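In case you want the letters, here they are:
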Amino acid sequence: MTIKTYTVNGVATIEIARPEKKNAITQAMYQAMADALRAADQDATVRAVLITGQPGIFTSGNDLEDFMAAPPRGAEAPVFQFMHALVNSTKPVVAAVTGAAIGIGTTLLLHCDLVFVADDARLAMPFVGLGLVPEFASSLVVPQLMGNRRAAEKLLLGDPFTGEQAVECGIANRVLPGSEVVNHARRVAERFNNLAPGAVRDSKRLIREPQQEAVKAAIAREAEIFGARLRSPEAMEAFQAFFQKRAPDFSKFQ
């Protein structure tokens, strides 16, 4: 089971559990996470959602073999179902990150309400290096959080960054030792058991509502360009290089 879901003490946990593949996410895993988020939203016993990975690895991002075998097409593709389920969640979503959080492993954090990262966390959004473009509204949210200059480092150059830097730029709330992150995030999620659920829902909506339509529009626009870029010669070169374990050669492209 590559996505584990369980509810304990009012917290619905979504655990990415594919450590042998560095928690790379397949379309089936996106579907499972989307279903789990929607189920949690409808479950009156759930007061918060916790998203986590395995010790030392949150997720390495998309499983490229699966991604290329079945590229996402249309709004009903599992990856877009997951994106919209997270964006539309009315319950507080807490993330606990240890180790690598690559690609969507970082961009999904932009749509969580509280994010806790380990001191060994390494985040990166290396889309351009794969001949692709940012996704999950990161082209909108990342510049808003850190300004265009630092956003260019993260989204154009694909520079990785630490948990401390994630806190500094507003992606995460706090850095903790790796052994403490999940338990701390769970304790924070459990605090919602003692808060008025309707007031929490309304407050989250008020926080998110002013940007909600812009986020959905950005997801759609990015998806359009991302889909076209997936079929581009640059992306083909990047994917071939990845599977051949070499650096891509973009020198022939203009």
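Residues numbered from 1 in each chain as written. Predicted model: local features only at pLDDT ≥ 70, side-chain atom pairs only at ≥ 80, totals over all residues. Heavy atoms only, no water.

Asker: I'd love a proper account of the side chain of Thr59, names of residues and values included.
Answerer: Summarising the element assignment, Thr59 is placed in strand 4 (residues 57-59). A distance of 3.0 Å separates a polar side-chain atom of Thr59 from the backbone nitrogen of Gly61. Discounting residues that sit within four places of it in the chain, Thr59 has contacts with Ile16, Lys22, Asn23, Ala24, Ile25, Ala100, Ala101, Ile102 and Gly105. (Helix = DSSP H or I, 4+ residues; strand = E, 2+ residues; numbered from the N terminus. Polar contact = N/O pair within 3.5 Å; in protein donor to acceptor, adjacent residues only side chain to side chain. Contact = heavy atoms within 4.5 Å.)

Asker: Can you lay out the pairing of strand 1 (residues 3-8) for me, pointing to particular residues and giving the numbers?
Answerer: In terms of strand pairing, strand 1 meets strand 2 (residues 11-16) through six bridges, oriented antiparallel. Its bridge partner being in strand 2, Val8 is matched across the sheet by Val11. (Pairing = 2+ DSSP bridges.)

Asker: Help me get a handle on helix 7 (residues 181-190), residues and values and all.
Answerer: Residues Val181, His184, Ala185, Arg186, Val188 and Ala189 constitute the buried set of helix 7. Those residues of helix 7 hidden inside the fold are in contact with strand 1, strand 2, strand 3 (48-52), strand 5 (93-97), strand 7 (114-118) and strand 10 (174-176). (Buried < 20%, exposed > 50% of the residue type's maximum accessible area, 1.4 Å probe, protein only.)

Asker: Which residues make up the sheet that holds strand 6 (residues 100-102), and what are the values?
Answerer: A sheet is described by the order of its strands in space; here four strands give the open sequence 4-6-8-9, paired in mixed fashion. Each of the sheet's edge strands pairs with one partner strand only, and the pair in question is strand 4 and strand 9 (161-162). In the sheet, strand 8 (residues 122-124) pairs with strand 9 via two bridges, with the strands oriented antiparallel. Among the inter-strand pairings, Arg122 is bridged to a residue of strand 9, identified as Thr162.

Asker: A description of the nonpolar core should follow, citing residues and the corresponding values.
Answerer: If you look at the biggest cluster of nonpolar residues, it comprises 62 residues, and the most contacted ones within it are Phe82, Leu109 and Phe136. For Phe136, the residues in contact, after removing those within four places along its chain, are Phe82, Met83, Leu86, Val87, Ile104, Thr107, Leu108, His111, Ile219 and Glu222. Formed by 14 residues, the second largest nonpolar core is a distinct cluster that contains Val11, Phe116, Ala118 and Ala189. (Core = buried A, V, L, I, M, F, W, Y, C linked by side-chain atoms within 4.5 Å.)

Asker: Can you break down unusual backbone geometry residue by residue, with the values?
Answerer: A negative phi angle characterises most non-glycine residues, just as the trans form characterises most peptide bonds. Of note, the phi angle at Ala137 is positive, near 60°, even though the residue is not glycine. Secondary-structure assignment places Ala137 in the loop between strand 8 and helix 5 (138-155). A positive phi is found at Lys245, a non-glycine position, where the angle reads about 55°. Relative to the helices and strands, Lys245 resides in the segment after helix 9 (233-243).

Asker: For the sheet that holds strand 5, give the residues involved together with the corresponding values.
Answerer: Across the sheet, which stays open at both edges, the six strands sit in the order 1-2-3-5-7-10 with mixed pairing between neighbours. Each edge of the open sheet carries a strand with a single partner, namely strand 1 and strand 10. Each adjacent strand pair in this sheet contributes to an overall mean axis angle of 20°, direction not counted. In terms of strand pairing, strand 5 meets strand 7 through four bridges, oriented parallel. Each residue of the ladder has a partner; that of Ala95, found in strand 7, is Val115. (Axes fitted to C-alpha atoms, helices over the stretch in contact; angles between N-to-C directions.)

Asker: Describe the environment of Ala36, listing the residues and the values that go with them.
Answerer: Relative to the helices and strands, Ala36 resides in helix 1 (residues 27-42). With relative accessibility at 16%, the residue Ala36 sits in the buried group. The spacing of Ala36 and Ile14 is 22 residues in sequence and 7.2 Å in space, taken between C-alpha atoms. If near-sequence neighbours (up to four positions away) are discounted, Ala36 is found in contact with Thr5 and Ile14.

Asker: Could you give an account of the packing of helix 5 against helix 8 (residues 197-230), with specific residues and numbers?
Answerer: Here helix 5 crosses helix 8 at 125°, and the two axes come no closer than 8 Å. Comparing their axes, helix 8 and helix 5 come out oblique. Where helix 5 abuts helix 8, its residues Ser138, Ser139, Leu140, Val141 and Gln144 lie against Gln211, Ala214, Val215, Ala218 and Glu222. Tallied by class, residues from the contact of helix 5 with helix 8 come to five nonpolar, four polar and one charged. (Parallel < 35°, antiparallel > 145°, perpendicular 65-115°, else oblique. Nonpolar A, V, L, I, M, F, W, Y, C, P; charged D, E, K, R; others polar.)

Asker: Explain the pattern of salt bridges to me, and be specific about the residues and the numbers.
Answerer: Inspection of the entire model under this criterion finds 11 salt bridges. Across the salt bridge formed by Glu153 and Lys154, the nearest N and O atoms sit 3.6 Å from each other. According to the relative accessible area criterion, Lys154 is buried, its value standing at 9%. Three or more residues are tied together by salt bridges with common partners; here these are Asp113, Lys204 and Arg208. (Salt bridge = Lys/Arg side-chain N within 4 Å of Asp/Glu carboxyl O.)

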